[in-house]
Amino acid sequence: MCDSCHCGETAEATIVIPGQPHGHQHQTRKIMVEHELLAQNDHQGEANRRFFAEQKILALNLVSSPGSGKTSILERTLKTLGPKIATSVIEGDQQTTRDAERISAAGAPVVQVNTGAGCHLDAEMIRRALARLPPKPHSLLFIENVGNLVCPALFDLGEHAKVAIISVTEGEDKPQKYPHLFRAASLCLINKIDLLPHLDFDLELCKTLARQVNPRLTFIELSAKSGEGFPAWLQWLRDTFNASHSH
Ligand SMILES: Nc1nc2c(ncn2[C@@H]2O[C@H](COP(=O)(O)OP(=O)(O)OP(=O)(O)O)[C@@H](O)[C@H]2O)c(=O)[nH]1
Ligand SMILES: [Mg+2]
């Protein structure tokens, strides 16, 4: 549960002292349940999903911590995916239009959603952004969520899939520490692999920890800087786009 935006589901904070037995040392704090907020979001999320299905739009929700490389991955993707698939982008940030400007320079239609104090995009924001874009029928829509591993995992935007992005500078343990996102994601991109020679990051350990949270999660290792791994990511995009159209 995020206290600043009250965006949680049922939440229970457990306070534990390392090395001391759980049973006697933890305290719990019940935090108010915000069922109504999430139910309202889910309702609009379903409406967005119907719109995407009617228009044959493949919508992907990109979620990561700040700076993992979401916009950099999109920039390279837009430049290399080719003209066969029409693509547009909804950018989410608390403030500024910096990411939208980068996407626009990469050649895609884009709208920026500024969430102010909010730490995630919600389905109503997406409804309004869709009206402003609007994405073409039979197209691919990327939604870059606000940089945050916690709250975006809880909000259904009506997307086809969540793509979790982790970069190798963040440490292998993020899937275990922030399990909601990795449980909800279909694909995990591991970015900035060009930096691996300079780091202790253990790729296999990261994947093992993520699979403990979500055994069905698939991984693509890439670098938005060098382009390594992009053929596999572009192939995943084409396969997912074609599969969603054949349904
Ligand atoms: N070395 C290296 N740097 C990268 C790579 N991808 C992104 N970066 C750098 O990481 C920084 C953050 O990249 P962004 O693409 O802005 O990250 P973001 O996830 O969109 O950030 P927010 O929108 O603020 O959450 C920038 O300085 C990028 O140049 C990569 O593959 N390798
Ligand atoms: Mg960004």
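For every chain, the first residue of the written sequence is number 1, and numbering continues from 1 onward in sequence order. Chains carry letters and ligands carry numbers; both start at the beginning, A for chains and 1 for ligands, and go up in the order they are written. Only residues with pLDDT of 70 or above have their local features reported here, since the model is predicted, and side-chain atom pairs are shown and tallied only from 80 upward, although totals for entire chains, interfaces and linings are computed over all residues.

## Comments concerning the overall build of the chain
Then, number 1: A run of DSSP states H or I qualifies as a helix once it reaches four residues; a run of E qualifies as a strand once it reaches two. Both are numbered from the N-terminal end. Each helix and strand counted, the chain has nine helices and nine strands in total.
Then, number 2: For the chain, the proportion of its 247 residues judged to be buried stands at 38%.
Then, number 3: Any two residues are considered in contact once their C-beta atoms, placed from the backbone, lie within 7 Å. Put simply, 72% of the contacts in the chain that link residues at least 6 apart link residues at least 24 apart. Put plainly, a residue is buried at 20 or more neighbouring C-beta atoms within 10 Å of its own, exposed at 12 or fewer, and partly exposed in between, counting only other residues' C-beta atoms, which are placed from the backbone.

## A short note on helix 5 (residues 123–132)
Then, number 1: Those residues of helix 5 lying buried are Ala123, Met125, Ile126, Ala129 and Leu130. All buried residues of helix 5 project into a common sector of 150° when viewed along the axis, lining one side. Residues of helix 5 that are exposed and point over 90 degrees away from its buried face: Arg128, Ala131 and Arg132.
Then, number 2: Summarising the contacts, the buried residues of helix 5 are in contact with helix 2 (35–55), strand 4 (87–93), strand 5 (110–114) and strand 6 (140–144). Here the arc refers to the directions that run from the helix axis out to each C-beta atom.

## Quick word on the sheet that holds strand 5
Then, number 1: The seven strands are arranged 5-4-6-3-7-8-9 in an open sheet whose pairing can be described as parallel. Edge positions in the sheet fall to strand 5 and strand 9 (218–221), since each of these pairs with one other strand and no more. In this sheet, adjacent strand axes meet at a mean angle of 20° when their direction is disregarded.
Then, number 2: Along the sheet, helix 3 (residues 70–80) makes contact with strand 3 (58–64), strand 4, strand 6, strand 7 (161–167) and strand 8 (187–191), crossing strand 6 at roughly 160°. Strand pairing is assigned whenever DSSP detects at least two bridges linking the two strands. As a rule, the C-alpha atoms of each element are fitted with a line to give its axis, helices using only the stretch in contact, and angles between N-to-C directions run from 0 to 180 degrees.

## What about the environment of Glu221?
Then, number 1: Locating Glu221 in the fold gives a position in strand 9.
Then, number 2: Not counting residues up to four positions away in its chain, the partners in contact with Glu221 are Ile190, Ile193, Leu203 and Gly229.

## Regarding the environment of Leu181
Then, number 1: Secondary-structure assignment places Leu181 in helix 7 (residues 179–184).
Then, number 2: For Leu181, a count of 27 C-beta atoms within 10 Å gives the class buried.
Then, number 3: The sequence separation of Leu181 and Asn214 amounts to 33 residues, and the corresponding C-alpha distance is 9.8 Å.
Then, number 4: With residues up to four places along the chain from it excluded, the contact list for Leu181 reads Val63, Leu149, Ala153 and Ala164.

## Details of the environment of Val168
Then, number 1: Structurally, the position occupied by Val168 is in the loop between strand 7 and helix 6 (174–177).
Then, number 2: Through-space distance from the C-alpha of Val168 to that of Lys192 is 6.0 Å; in sequence the pair is 24 residues apart.
Then, number 3: Among all residues touching Val168, those that are not within four sequence positions of it are Ile190, Lys192, Ile193, Leu195, Leu196, Leu199 and Phe201.

## Details of unusual backbone geometry
Then, number 1: Within the chain, Lys56 stands out as a residue other than glycine whose phi angle is a positive 55°.
Then, number 2: Counting through the fold element by element, Lys56 comes out in the loop between helix 2 and strand 3.

## Side note on the pairing of strand 3
Then, number 1: For strand 3, the tally of buried residues reaches six of seven residues, placing the bulk of the element in the interior.
Then, number 2: Of the strand pairs in this sheet, strand 3 and strand 6 are connected by five bridges, and their pairing is parallel. The residue bridging Leu58 from the neighbouring strand is Leu140, located in strand 6.
Then, number 3: Inspection of the sheet shows strand 3 paired to strand 7 by five bridges, in the parallel sense.

## Considering the nonpolar core
Then, number 1: Each nonpolar core comprises buried Ala, Val, Leu, Ile, Met, Phe, Trp, Tyr and Cys residues, the members being joined through C-beta atoms within 7 Å. The biggest cluster of nonpolar side chains holds 53 residues, and the ones touching the most others in it are Ile126, Ile143 and Ala164.
Then, number 2: Element by element, the count of residues in this core is highest for helix 5, at five residues.
Then, number 3: Excluding residues that lie within four positions of it along the chain, Ala164 makes contacts with Val63, Ser64, Leu181, Phe182, Ala185 and Cys188.

## Some points on helix 9 (residues 230–246)
Then, number 1: To estimate how far a helix should reach, multiply one less than its number of residues by 1.5 Å. Taking 1.5 Å of rise per residue, the 17 residues of helix 9 would be expected to cover 24 Å, and the 24 Å separating its terminal C-alpha atoms lies within 8% of that figure.
Then, number 2: Along helix 9, the residues that are buried comprise Trp233, Leu237 and Phe241. An end-on view of helix 9 places all buried positions within 70° of arc, on one side of the element. In helix 9, the exposed positions angled more than 90 degrees off the buried face are occupied by Pro231, Gln235, Asp239, Asn242, Ala243 and Ser246.
Then, number 3: Contacts from the buried residues of helix 9 go to strand 3, strand 6, strand 8 and strand 9.

## Looking at the confidence of the model for the chain
Then, number 1: With 88% of its residues at a pLDDT of at least 70, the chain reaches an overall mean of 91.
Then, number 2: Taken as a whole, residues 26–32 scores under 50 in pLDDT and shows 13 contacts with residues more than four places along the chain or in a different chain. Every residue carries a pLDDT, the predictor's confidence in it, which falls somewhere between 0 and 100.

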